[in-house]
Amino acid sequence: MSLDLARRRLLAAAGAAGAAGALGLVPSGAFAASGRRPSGSRRSAATIIHGGRVLTGLPYLPRQEALAVGRDGRILAVGPASVVRRLAGRDTDFVDARGGTVMAGIIDAHAHCLEAGTRTLNPSLGNQSYTVAALQAKLTGFLNASEGQEPDGWLVVEDWNPVGLPAGTETHHRVLDALPTRRPIALKGSDAHNMWVNQRALDLAKITSNTPDPAGGHIVHDSAGAPSGLLKDTAQDIVAAVIPPPDRDKTLAAAAKALHQAAANGITTYMDAATEPGTLGLYADLAASDRLPQRVVPALRLDTDLIRDPKAALAHVNEQRAAHGQVPGLCFGTVKVFLDGVIEHPAQTAALLEPYLDANGKPTDNRGDLYVTATEYGRLAAVLDRAGWQLHAHAIGDRAVRTALDGYETAVRANGRRGNRHTIAHLQLVHPDDYRRFAPLGVVACMQLQWAMRNVWTMDALLPYIGPDRHRLMYPARSLERHGAALSGGSDWPVDPLDSFNQIRTAVDRRGEEGALYPEREGISRSTSLRMHTSGSAHQLRIDHETGVLTPGRAADVIVLDRDVTRVPVEDISGTEVRLTLAGGRRIWDAERPGAQASAASFAAARPASLATVHGRHAACGCHGRRPVASPLSLGPA
């Protein structure tokens with residue numbers, strides 16, 4: 001049906017209700033028919049946004065001229081400017097969009113915003129490559145800047161690049177022991193799979209030649225059989241457990257700063273993609289101090305023991321919801337499970353159907369790590385699905401994706417289709433046979449498409465190790481869409497710097513500074529990308545009745561942009577600036593407010609200097625398929 005025909009049918013159905021009422025844009029039929037200005041201030045608009053292109057998110061009425069926000073924080077009207085202006089009262093605030101876009105707020109369906117804040121409490125290596133001498137000089141600078149912590153204060157450093165040293169360099173504690181300090185030192189790998197520590201740290205953690213590897217982890221030993229100082233996966237927990245947690249007030253301040261940055265990026269709702277019990281306490285404190293501006297969907301993380309005991313898992317998440325369900329702004333109902341790790345070399349812990357290749361293109365015996373079997377995941381899914389909980393699975397490799405789909409299929413067979421919209425996140429590699437399975441199962445594909453570009457991660461660290469045939473299947477957004485899968489979008493911040501419109505753009509052209517990653521195969525349209533980061537994410541989070549599109553009665557989660565993102569060249573979408581962010585009608589970001597730009601700029605830059613230096617994949621997710629590392633940046637007890 002054409003757009004004009006759809007409009008005519010709407011108009012005919014509305015009869016004489018008047019232009020505003022005919023479009024279904026004003027809830028009061030009496031006012032719509034009379035066209036008179038409301039006499040009472042309660043029925044007038046708190047805010048009217050005009051002068052731009054209002055993207056409603058509705059297929060039958062995609063664009064309008066103006067939007068009115070009611071005094072209850074909900075959308076009062078969307079429509080022609082001449083009609084919407086009739087809702088003005090004596091104290092209505094008018095916002096001129098200046099030809100830019102007015103659209104629903106960004107819903108980040110997979111992020112770690114509080115972790116982004118707490119990571120700023122430690123110095124960072126920025127995921128850069130260093131020679132040994134340059135690394136030692138950088139770390140010496142960090143030591144000098146915190147010399148008051150001598151001799152026992154920990155130096156914990158973020159974003160160490162595990163592949164950033166010259167080829168053949170051994171990551172041995174001797175390199176760190178040579179620094180001018182007695183302090184324990186821990187470098188946290190940007191891939192979240194590696195930690196490099198000095199001998200003092202090993203001693204404090206009581207790691208010796210006889211310390212056994214923990215389940216799911218590895219203590220690397222040198223040629224003499226002694227611990228080298230390199231700890232992989234859950235072995236990191238041994239050291240992390242003896243690092244003192246950060247000051248609570250500083251942690252809260254850093255978290256609030258991160259949420260401010262999210263608001264500056266137009267984010268009005270996000271899913272906290274790996275929420276721990278301690279994190280919920282932080283959210284409660286933020287809300288109590290009026291520093292929780294966004295709606296938050298906590299994805300309550302399950303460790304392996306709980307995954308294998310579905311009844312205990314259900315009791316655990318029910319307990320967390322009961323304890324914190326009354327915190328304003330928190331929306332419970334999602335559970336997080338890690339099924340595998342990461343695919344890039346040298347970690348290669350993502351679970352693949354076919355083995356990884358070696359550097360010469362020869363098959364190895366390594367198919368990565370699958371942390372949960374299909375049977376275990378199916379049992380868990382059946383129990384949680386029956387209780388109304390949604391599962392959100394981290395799955396990078398095609399074997400992990402298939403495991404998730406098998407688990408959800410088990411839940412459907414056990415319970416029928418219950419509409420819980422179980423989700424698979426990341427989806428870096430999906431076997432083509434599995435594309436068609438998403439839609440019938442009602443599974444949402446949550447993708448982080450700012451990763452879909454040519455850079456060191458997709459080329460140097462991946463192409464040689466999976467081969468060109470599998471490489472062409474990377475991040476199959478268009479294929480999933482073509483097979484009817486529901487798409488949603490997330491940043492996974494702070495795995496990568498936060499830039500909402502850069503990720504929206506990359507989903508379309510899949511281009512970085514080193515070139516494009518198969519846009520002819522898997523690039524999606526501009527409108528699809530905008531939808532997946534708004535209404536698509538609202539669908540995933542089961543809040544589409546509340547937000548995600550601009551229609552009367554829904555929450556006034558609205559952003560005003562500095563350009564028309566529907567018309568500018570695709571590459572110019574990345575430079576989009578958010579001028580205004582409303583969450584429930586409340587201004588949580590105003591670029592023209594005095595000091596606003598400085599407050600946003602004081603946080604880490606939203607985009608890297610070069611797209612080739614984007615942070616290591618999944619650094620904040622803790623993508624180990626395991627209990628999270630309890631580091632000094634942890635938001636609470638593990």
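For the structure, check the block above.
The rules behind these values
- Residues numbered from 1 in each chain as written.
- Predicted model: local features only at pLDDT ≥ 70, side-chain atom pairs only at ≥ 80, totals over all residues.
- Heavy atoms only, no water.
- Helix = DSSP H or I, 4+ residues; strand = E, 2+ residues; numbered from the N terminus.
- Buried < 20%, exposed > 50% of the residue type's maximum accessible area, 1.4 Å probe, protein only.
- Contact = heavy atoms within 4.5 Å.
- Phe/Tyr/Trp six-rings, centres within 6.5 Å; stacked < 30°, edge-to-face > 60°.
- Expected span 1.5 Å × (residues − 1).
- Arc of directions from axis to C-beta.
- Pairing = 2+ DSSP bridges.
- Right-handed = clockwise from strand over helix to strand, strands pointing away.
- Core = buried A, V, L, I, M, F, W, Y, C linked by side-chain atoms within 4.5 Å.
- Salt bridge = Lys/Arg side-chain N within 4 Å of Asp/Glu carboxyl O.
- Axes fitted to C-alpha atoms, helices over the stretch in contact; angles between N-to-C directions.
- Parallel < 35°, antiparallel > 145°, perpendicular 65-115°, else oblique.
- Left-handed = near helix turned anticlockwise from the far one by under 90°.
- Nonpolar A, V, L, I, M, F, W, Y, C, P; charged D, E, K, R; others polar.

Draft legend 1. A look at the environment of Leu 176. Structurally, Leu 176 can be placed in helix 7 (residues 173-177). On the basis of relative accessible area, Leu 176 is assigned to the buried category, the value being 2%. Along the chain, Leu 176 and Leu 135 lie 41 residues apart, while their C-alpha atoms are 9.4 Å from each other. Not counting residues up to four positions away in its chain, the partners in contact with Leu 176 are Leu 139, Ile 185, Leu 187, Trp 196, Val 197 and Asn 198.

Draft legend 2. Just the packing of aromatic side chains, in detail. In total, this model carries three aromatic pairs according to the counting rule given. The interplanar angle of 45° and the centroid separation of 5.4 Å between the aromatic rings of Trp 160 and Trp 196 together place this pair among those described as tilted. Taken together, the residues Trp 160 in strand 9 (residues 155-160) and Trp 196 in strand 11 (residues 194-197) connect sequence positions 36 residues apart. Each member of the pair Trp 160 and Trp 196 is classed as buried.

Draft legend 3. Examining helix 13 (residues 310-324) more closely. In this model, helix 13 (15 residues) spans 21 Å end to end at C-alpha, consistent with the 21 Å of a helix rising 1.5 Å per residue. Looking at helix 13, one finds that the buried residues are Pro 310, Ala 313, Leu 314, His 316, Val 317, Gln 320 and His 324. Along helix 13, the residues classed as buried sweep out an arc of 160° about the axis, all on the same side. Within helix 13, the exposed residues directed more than 90 degrees away from the buried face are Lys 311, Glu 319, Ala 322 and Ala 323. Looking at the packing, one finds that the buried side of helix 13 touches helix 11 (277-288), strand 15 (295-301), helix 12 (304-307), strand 16 (334-338) and helix 14 (374-386).

Draft legend 4. Spatial organisation of the pairing of strand 17 (residues 390-395). With respect to burial, strand 17 is a largely interior element, six of its six residues being buried. Residues Gln 390, His 392 and His 394 line one face of strand 17 and the alternating positions Leu 391, Ala 393 and Ala 395 line the opposite face, and both faces are buried. Two strands pair when backbone bridges link them, and strand 16 and strand 17 are joined in this way by five bridges, in the parallel orientation. Each bridged residue has a counterpart across the sheet, and for Phe 338 the counterpart in strand 17 is His 394. With helix 14 bridging strand 16 and the parallel strand 17, this β-α-β connection has right-handed handedness. Across four bridges, the pairing between strand 17 and strand 18 (residues 423-426) is parallel. Looking at the pairing, Ala 395 lines up with His 426 of strand 18. Note that the unit made of strand 17, helix 15 (residues 398-415) and strand 18 has a crossover that is right-handed.

Draft legend 5. Seen up close, the nonpolar core. Grouped together as the largest cluster of nonpolar side chains are 104 residues, with contacts concentrated most on Leu 302, Tyr 377, Ile 424, Phe 438, Met 447 and Phe 501. Top element by residues in this core is helix 10 (residues 248-264). It accounts for eight residues. Contacts of Met 447, omitting those with residues within four sequence positions, involve His 426, Leu 427, Tyr 475, Pro 476, Ala 477, Leu 480, Leu 487, Ser 488, Gly 489, Gly 490 and Met 532. In terms of nonpolar packing, the next biggest core, distinct from the first, is built from 18 residues, Leu 135, Leu 143, Val 175 and Trp 196 among them.

Draft legend 6. Looking closely at the side chain of His 172. Within the fold, His 172 resides in the loop between strand 9 and helix 7. Contact partners of His 172, with chain neighbours within four places excluded, come to Trp 196, Asp 222 and Ser 228.

Draft legend 7. Fine view of the pairing of strand 19 (residues 444-447). Of the two faces of strand 19, the one holding Val 444 and Cys 446 and the one holding Ala 445 and Met 447 are both buried throughout. With three bridges joining them, strand 18 and strand 19 adopt parallel strand pairing. Across the sheet, the residue bridging to Ile 424 is Ala 445, located in strand 19. Here strand 19 runs beside strand 20 (residues 486-489); their pairing, made up of four bridges, is parallel. Considered in strand 20, the bridge of Ala 445 is made with Leu 487.

Draft legend 8. Structural detail: the environment of Leu 231. Mapped onto the fold, Leu 231 is located in strand 13 (residues 227-233). Contacts of Leu 231, omitting those with residues within four sequence positions, involve His 193, Asn 194, Met 195, Val 197, Ile 207, His 218, Ile 219, Gln 236 and Val 239.

Draft legend 9. Representation of the pattern of salt bridges within the structure. Scanning the model with the defined rule gives 27 salt bridges in all. Between Arg 586 and Asp 290 there is a salt bridge, and its shortest N-O distance comes to 3.0 Å. In this pair, Arg 586 is assigned in strand 25 (residues 586-590) and Asp 290 in the loop between helix 11 and strand 15, connecting sequence segments 296 residues apart. Residue class for Arg 586 comes out partly exposed when judged on its relative accessible area of 42%. The salt bridge involving Arg 437 is made with Asp 406; its shortest N-O contact spans 2.8 Å. Note that Arg 437 is positioned in the loop between strand 18 and helix 16 (438-441) and Asp 406 in helix 15, a separation of 31 residues in sequence. The exposure class of Arg 437 is buried, given its relative accessible area of 12%. Among the residues examined, Asp 406 registers a relative accessible area of 26% and is labelled partly exposed.

Draft legend 10. Layout of the sheet that holds strand 2 (residues 53-55). The six strands lie next to each other as 3-2-7-23-24-25, forming an open sheet whose pairing is mixed. What marks the edges here is a single partner per strand, and that holds for strand 3 (63-64) and strand 25. Packing against the sheet, helix 10 makes contact with strand 24 (578-583) and strand 25, and its axis sits at approximately 85° to strand 25.

Draft legend 11. Up close: the packing of helix 13 against helix 14. Between helix 13 and helix 14, the shortest axis-to-axis distance is 9 Å and the interhelical angle comes to 45°. Of the possible angle classes, the one that applies to helix 13 and helix 14 is oblique. When you trace helix 13 past helix 14, the crossing you get is right-handed. Mapping the contact onto sequence places Pro 310, Ala 313, Leu 314 and Val 317 in helix 13 and Arg 379, Leu 380, Val 383 and Leu 384 in helix 14. Of the residues contributing to the contact of helix 13 with helix 14, the split by class is seven nonpolar, no polar and one charged.

Draft legend 12. Molecular detail of helix 14. For helix 14, spanning 13 residues, the distance from its first C-alpha to its last is 18 Å, which sits close to the expected 18 Å at 1.5 Å a residue. Glu 376, Tyr 377, Gly 378, Leu 380, Ala 381, Ala 382, Val 383, Leu 384 and Asp 385 are the residues of helix 14 that are buried. Each element contacted by the buried residues of helix 14 is listed here: helix 12, helix 13, strand 16, strand 17 and helix 15. Immediately beyond the C-terminal end of helix 14, within one or two residues, lies Gly 388, with a positive phi of roughly 90°.

Draft legend 13. A look at unusual backbone geometry. Residue Pro 151 is reached from Glu 150 by a cis peptide bond, and omega for that bond is 0°. Mapped onto the secondary structure, Pro 151 falls in the loop between helix 6 (132-145) and strand 9. Cis geometry is found at the peptide bond from Trp 493 to Pro 494, where omega equals 5°. Residue position: Pro 494 is located in the loop between strand 20 and helix 19 (500-509). One non-glycine residue, Arg 421, lies in positive phi territory at about 55°. You can see Arg 421 is positioned in the loop between helix 15 and strand 18. The backbone of Arg 542 sits at a positive phi, close to 60°, despite the residue not being glycine. Relative to the elements of secondary structure, Arg 542 occurs in the loop between helix 22 (535-540) and strand 23 (558-561).

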